[in-house]
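# Commentary on secondary and tertiary structure
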Amino acid sequence: QLQLVESGGGLVQPGGSLRLSCVASGSTLENYAIGWFRQAPGKEREGVSCISSSGGRTKVVDSVKGRFTISRDNAKNTVYLQMNSLKPEDTAIYHCAADHLISRTNCSPDDMDYWGKGTLVTVSS
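Residues numbered from 1 in each chain as written. Predicted model: local features only at pLDDT ≥ 70, side-chain atom pairs only at ≥ 80, totals over all residues. Heavy atoms only, no water.

### What about the packing of aromatic side chains?
Our working rule: Centres within 6.5 Å are what make two rings of Phe, Tyr or Trp a pair, Trp counting through its six-membered ring; a difference in plane orientation under 30 degrees is then read as stacked, over 60 as edge-to-face, and the rest as tilted. Segments assigned H or I by DSSP are reported as helices when at least four residues long, segments assigned E as strands when at least two residues long, and all are numbered from the N terminus. Accessible area is worked out with a 1.4 Å probe on protein chains only. A residue is then buried under 20% of its type maximum, exposed over 50%, and partly exposed in between. Placement of a positive charge over a ring is assigned whenever Lys NZ or Arg CZ falls within 6 Å of the ring centre and within 35 degrees of the normal to the ring plane.
Taken as a whole and assessed by the stated rule, the structure comprises 2 aromatic pairs. When the ring of Phe37 is compared with that of Trp115, the centres are 4.9 Å apart and the planes differ by 50°; the resulting orientation is tilted. In this pair, Phe37 is assigned in strand β4 (residues 33–39) and Trp115 in strand β10 (residues 114–115), connecting sequence segments 78 residues apart. Residue classification places Phe37 among the buried residues on the basis of a relative accessible area of 0%. Here the guanidinium or amino end of Arg45 rests over the ring plane of Trp115, the centre of that ring lying 4.9 Å away.

### Some remarks on the side chain of Thr105
As a reminder of what qualifies: In protein, a polar contact requires one atom able to donate a hydrogen and another able to accept it; more generally it is a pair of N or O atoms within 3.5 Å, and residues adjacent in sequence count only if both atoms are side-chain atoms. By definition in these notes, contact holds between two residues if any of their heavy atoms fall within 4.5 Å.
Relative to the assigned elements, Thr105 resides in the loop between β9 (92–99) and β10. Here Thr105 falls in the buried class, since its relative accessible area comes to 8%. At 3.4 Å, the side chain of Thr105 forms a polar contact with the side chain of Arg57. Apart from residues no more than four positions distant in its own chain, Thr105 is found in contact with Cys50, Ile51, Ser52, Arg57 and Lys59.

### Quick notes on the state of the cysteines
For clarity, the threshold we go by: By definition, disulfides here are pairs of cysteine sulfur atoms that lie within 2.5 Å.
Applying the stated criterion to the full structure yields 2 disulfides. The disulfide bridge from Cys22 ends at Cys96, spanning 2.0 Å between sulfur atoms. On the S-S bond that ties Cys22 to Cys96, the torsion sits near 60°, and the link is right-handed. Separated by 74 residues along the polypeptide, Cys22 in strand β3 (residues 18–25) and Cys96 in strand β9 bring together distant segments of the chain. Accessibility assignment for this pair places Cys22 and Cys96 in one class, buried. A sulfur-sulfur distance of 2.0 Å marks the disulfide that ties Cys50 to Cys107. As the torsion about the S-S bond is roughly 125°, the Cys50-Cys107 disulfide counts as right-handed. Placement of Cys50 in strand β5 (residues 46–51) and of Cys107 in the loop between β9 and β10 is noted, with a sequence separation of 57 residues between them.

### Description of the pattern of salt bridges
Cut-off, in case you're wondering: Any Lys or Arg side-chain nitrogen located within 4 Å of an Asp or Glu carboxyl oxygen qualifies as a salt bridge.
Under the defined criterion, the tally for this structure stands at 6 salt bridges. In this structure, Arg38 engages Asp90 in a salt bridge whose closest nitrogen and oxygen atoms are separated by 3.0 Å. Here Arg38, found in strand β4, pairs with Asp90, found in the loop between β8 (78–83) and β9; they are 52 residues apart in sequence, far enough to count as distant. On the accessibility criterion, Asp90 (1% relative accessible area) is buried. One continuous salt-bridge network, built from bridges that share partners, spans Arg38, Glu46, Arg67 and Asp90.

### Considerations on unusual backbone geometry
In this structure, Ser85 takes a positive phi of about 50° despite not being glycine. Tracing the backbone through its elements, the reader meets Ser85 in the loop between β8 and β9. Here the phi dihedral of Cys107 falls at roughly 60°; this positive angle occurs in a residue that is not glycine. By relative accessible area, Cys107 is classed as buried at 12%.

Now the structure itself:
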C-alpha cells in the first residue's frame, strides 16, 4: 500500500517561494510517475506538474510555466515542487499523486492511483 505525505505548504507573500515535498512509504516511488495537483476555491482540480518515474520527462501547466519546477529523488522516495514567484491565484490545496504508468505525464487526476492528503498553500499579502 503506497502512502504519500506532503509537506512544505504555508502562508507566503506574493512573489515568494515555497518548496513542497512528497515522501512515499510502503513502496518505492521509482515505480510510479508522480504528479502535483491543486484545487483552489471555486475551481476544479487541475494538474500542476508531473514527472515520469525516472525524472526524464516533465510537464507543467501553462499558468505556472517558468515559475514552478518539479523534480524527484528516487533514492529518497521523494518528489518536490519548487514554487517561485507565487501569485494569489496559486492559493490552493496541493496534493501529490502516483500513477502506476511510469512514463505518463498527462497530469490528469483520473490517471492517478494513490493520493496524499494534501498541504495548503496560501499566497496573500
